[in-house]
Amino acid sequence: MEGRMALITGASSGIGAATARWLARQGMRVVLTARRQDRLEALAQEIRAQGGAALAIPADLNHFSDREALVRRIEDTWGPVEVLINNAGFGYYGTVEETPWEVIEGMFTVNILAMIHLVQLVLPGMRRLGRGHIINVASVAGYISTPPLTVYSATKFAVVGFSEGLRRELEPHGIHVTVISPGPVRTEFGQVASGLAVDPGEVPGGLDPEAIARAIARALRRPRREIVVPALYLPAIWINRALPGLVDWGAARQGRAWLRHLEKARGGKGA
Ligand SMILES: NC(=O)c1ccc[n+]([C@@H]2O[C@H](COP(=O)([O-])OP(=O)(O)OC[C@H]3O[C@@H](n4cnc5c(N)ncnc54)[C@H](OP(=O)(O)O)[C@@H]3O)[C@@H](O)[C@H]2O)c1
């Protein structure tokens, strides 16, 4: 790990920030990106104060030009990106019917289109180096679609599918691809998805983001194709494939209950 360089998207909070801290502690040089510059600068300073190497480059991954400028700046400063951790992403709690179109477009842009574009941008550098590792953060929702996260799930199904094909494309070039799918993690995800200060859909027993950071570090040491954290979601993914009718029944009920709860928290008609 010592001296390797990683670009981590979505490093201003949650899984991305925990991963940056964890990898920097292992001696990796980390490039932090997200929109909130103050958070990135504070984290970069914290890492440097502990003897690590960190570069904070703010970027809005919604914008093509920001993505291009980000990779150009890294290459000018530290050379080609050796490890890309595509972690930035967000969800939205709502039915397909009610989700505003601009939210749907934004989710697809950040969660999957920006990921594909960043891969395109870093690949020439990885090819020159003759090595690289791309880690894409999907979700258990990328295997089991559960309302009211249907559109978010669609973006994560795309992440899983993209990672599978990319892995097969890049394998002959010595570039590893790993897709990591967390279950519920205690981050700002639910606040963003609900638009509320406290996530009304928070799942008790959600993982600490450090658990995902540790799994990412392990995958960098020993490359893996797919990781589900925690592994107890693996049987659920299998049951969803084998007995979809059973899961339909449970997921539909759970989705309706979740929406009622959300309406209440928003002070709307469920209150
Ligand atoms: N938390 C969970 O339960 C869970 C479960 C499975 C998968 N995941 C996935 O894990 C990843 C990290 O999420 P998290 O849980 O750590 O949530 P989080 O704390 O809300 O972090 C999301 C990160 O994405 C960044 N981001 C969002 N929109 C962006 C944009 N337009 N441009 C640049 N950066 C943007 C945010 O930074 P700025 O706001 O500063 O731009 C933030 O750093 C996501 O892909 C999420 O889908 C989360």
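Predicted model only: the values in this text are computed from it and were never measured.

A word on the site of the ligand
And step 1. Close to the ligand lie 29 residues, the nearest being Ser 13, Arg 35, Asn 87, Tyr 152 and Thr 187.
And step 2. Here Ile 15 contributes a backbone N or O atom positioned 2.8 Å from an oxygen atom of the ligand.
And step 3. Side-chain polar atom of Thr 187 to an oxygen atom of the ligand: 2.6 Å apart, as the coordinates give it.
And step 4. Split by residue class, the shell around the ligand holds 14 nonpolar, 10 polar and 5 charged.

Examining the side chain of Arg 67
And step 1. For Arg 67, the location among the structural elements is in helix α3 (residues 64-78).
And step 2. We note that Arg 67 is buried and unpaired, the nearest opposite charge coming from Asp 60 at a distance of 7.3 Å.
And step 3. Polar side-chain contacts of Arg 67 include one of 2.8 Å to the side chain of His 117.

A few points about the pairing of strand β5 (residues 132-137)
And step 1. Taking burial as the measure, the 6 residues of β5 include 6 buried ones, the bulk of the element.
And step 2. On β5, burial covers both faces: Gly 132, Ile 134 and Asn 136 on one face and His 133, Ile 135 and Val 137 on the other are all buried.
And step 3. As judged from the 4 bridges shared by strand β4 (residues 83-86) and β5, these two strands associate in the parallel manner. Paired with Ile 85 across the strands is Ile 135, a residue of β5.
And step 4. Traced from β4 through helix α4 (residues 101-129) to β5, the parallel crossover comes out right-handed.
And step 5. The sheet contact formed by β5 and strand β6 (residues 175-182) spans 6 bridges and is parallel. If you follow Ile 135 over to β6, its bridge partner there is Thr 178.
And step 6. What joins β5 to β6 is helix α5 (residues 150-170), and the crossover it makes is right-handed.

A word on the packing of aromatic side chains
And step 1. Per the counting criterion, the structure on display carries 2 aromatic pairs.
And step 2. Ring geometry for Tyr 93 and Trp 258: centres 4.9 Å apart, planes at 55 degrees, overall tilted. With Tyr 93 in the loop between β4 and α4 and Trp 258 in helix α9 (residues 244-265), the pair connects residues that are 165 residues apart, well separated along the chain. Summarising the burial analysis for this pair, Tyr 93 and Trp 258 share the class buried.
And step 3. Against the face of Trp 78 rests Arg 29, its NZ or CZ located 5.1 Å from the ring centre.

Cut-offs used in this document
- Residues numbered from 1 in each chain as written.
- Predicted model: local features only at pLDDT ≥ 70, side-chain atom pairs only at ≥ 80, totals over all residues.
- Heavy atoms only, no water.
- Near = heavy atom within 4 Å.
- Polar contact = N/O pair within 3.5 Å; in protein donor to acceptor, adjacent residues only side chain to side chain.
- Nonpolar A, V, L, I, M, F, W, Y, C, P; charged D, E, K, R; others polar.
- Helix = DSSP H or I, 4+ residues; strand = E, 2+ residues; numbered from the N terminus.
- Buried < 20%, exposed > 50% of the residue type's maximum accessible area, 1.4 Å probe, protein only.
- Lys, Arg positive; Asp, Glu negative; His and termini not counted.
- Salt bridge = Lys/Arg side-chain N within 4 Å of Asp/Glu carboxyl O.
- Pairing = 2+ DSSP bridges.
- Right-handed = clockwise from strand over helix to strand, strands pointing away.
- Phe/Tyr/Trp six-rings, centres within 6.5 Å; stacked < 30°, edge-to-face > 60°.
- Lys NZ or Arg CZ within 6 Å of the ring centre and 35° of its normal.

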